Amino acid sequence: MANLSEMLIAFGWGGIVVGIMMGGLMGMYAFKGPFRAPKGHENYTDLNRRMLRLAHIAFIMLPLISMLYGMNIDTLQVPYVYKYYAAICMVILSVGIPVLLIAACFYLPFKYIQVIPFSCGMFALVVMAVGKISAL
């Protein structure tokens, strides 16, 4: 059996690093930085720029939620198979949403595929909720 909590926590730290690096790169063109903004990102309110900012925050917050999930997964009162798939779903959520937001900056229909990582995240959260409620 895989150690799901350690996997989620380690993965979460990796995701946070990606999010911070992404913010640093965006800062190179934001607010009159040393580089020019990419096409479609010139104005602060451009849709592409807003989606990229959202992806930057998602690359930090979703892995952080994944870490919190990892800290609680071992205590769940559900079969291991549910924990296993819920942990995988948290990883899919944490990577899928920000990656698809970035992809949608270049080709807008990618935003509609976000239903897949969103659904995975909902499954994982329902497993956590059921496990915690059944422990009461």
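Structure shown above.
Residues numbered from 1 in each chain as written. Predicted model: local features only at pLDDT ≥ 70, side-chain atom pairs only at ≥ 80, totals over all residues. Heavy atoms only, no water.

Caption draft 1: Representation of the environment of Val-95. In this structure, Val-95 sits in helix α3 (residues 80-106). Looking at Val-95, the relative accessible area reads 35%, which means it is partly exposed. A C-alpha to C-alpha distance of 8.8 Å links Val-95 and Ala-58, two positions 37 residues apart in sequence. (Helix = DSSP H or I, 4+ residues; strand = E, 2+ residues; numbered from the N terminus. Buried < 20%, exposed > 50% of the residue type's maximum accessible area, 1.4 Å probe, protein only.)

Caption draft 2: Up close: helix α4 (residues 115-134). With 20 residues, α4 should cover 28 Å at 1.5 Å per step; its first-to-last C-alpha distance of 28 Å lies within 8% of that length. Turning to α4, its buried residues are Pro-117, Cys-120, Gly-121, Ala-124, Val-127, Met-128 and Gly-131. Considered in projection along α4, the buried side chains sweep an arc of 120° and stay on one side of the axis. Elements that come into contact with the buried residues of α4 comprise α2 (47-73) and α3. (Expected span 1.5 Å × (residues − 1). Arc of directions from axis to C-beta. Contact = heavy atoms within 4.5 Å.)

Caption draft 3: A look at the environment of Leu-4. Among the structural elements, Leu-4 can be located in helix α1 (residues 4-26). As a C-alpha pair, Leu-4 and Asp-74 span 70 residues in sequence and 7.8 Å in three-dimensional space. Setting aside residues no more than four positions away along its own chain, Leu-4 makes contact with Ile-73, Tyr-80, Lys-83, Tyr-84 and Ala-87.

Caption draft 4: Quick look at the nonpolar core. If you look at the biggest cluster of nonpolar residues, it comprises 28 residues, and the most contacted ones within it are Tyr-69 and Ile-73. When contributions to this core are tallied by element, the ones reaching two or more residues are α1, α2, α3 and α4. With nine residues, α3 is the largest single contributor of residues to this core. (Core = buried A, V, L, I, M, F, W, Y, C linked by side-chain atoms within 4.5 Å.)

Caption draft 5: The arrangement of the environment of Tyr-44 in detail. With respect to the helices, strands and loops of the structure, Tyr-44 is situated in the loop between α1 and α2. Taking the C-alpha atoms as reference, Tyr-44 lies 29 Å from Ile-116; in sequence the two are 72 residues apart. The residues touching Tyr-44, leaving out its near neighbours within four places in the chain, are Phe-31, Arg-49, Arg-50 and Arg-53.

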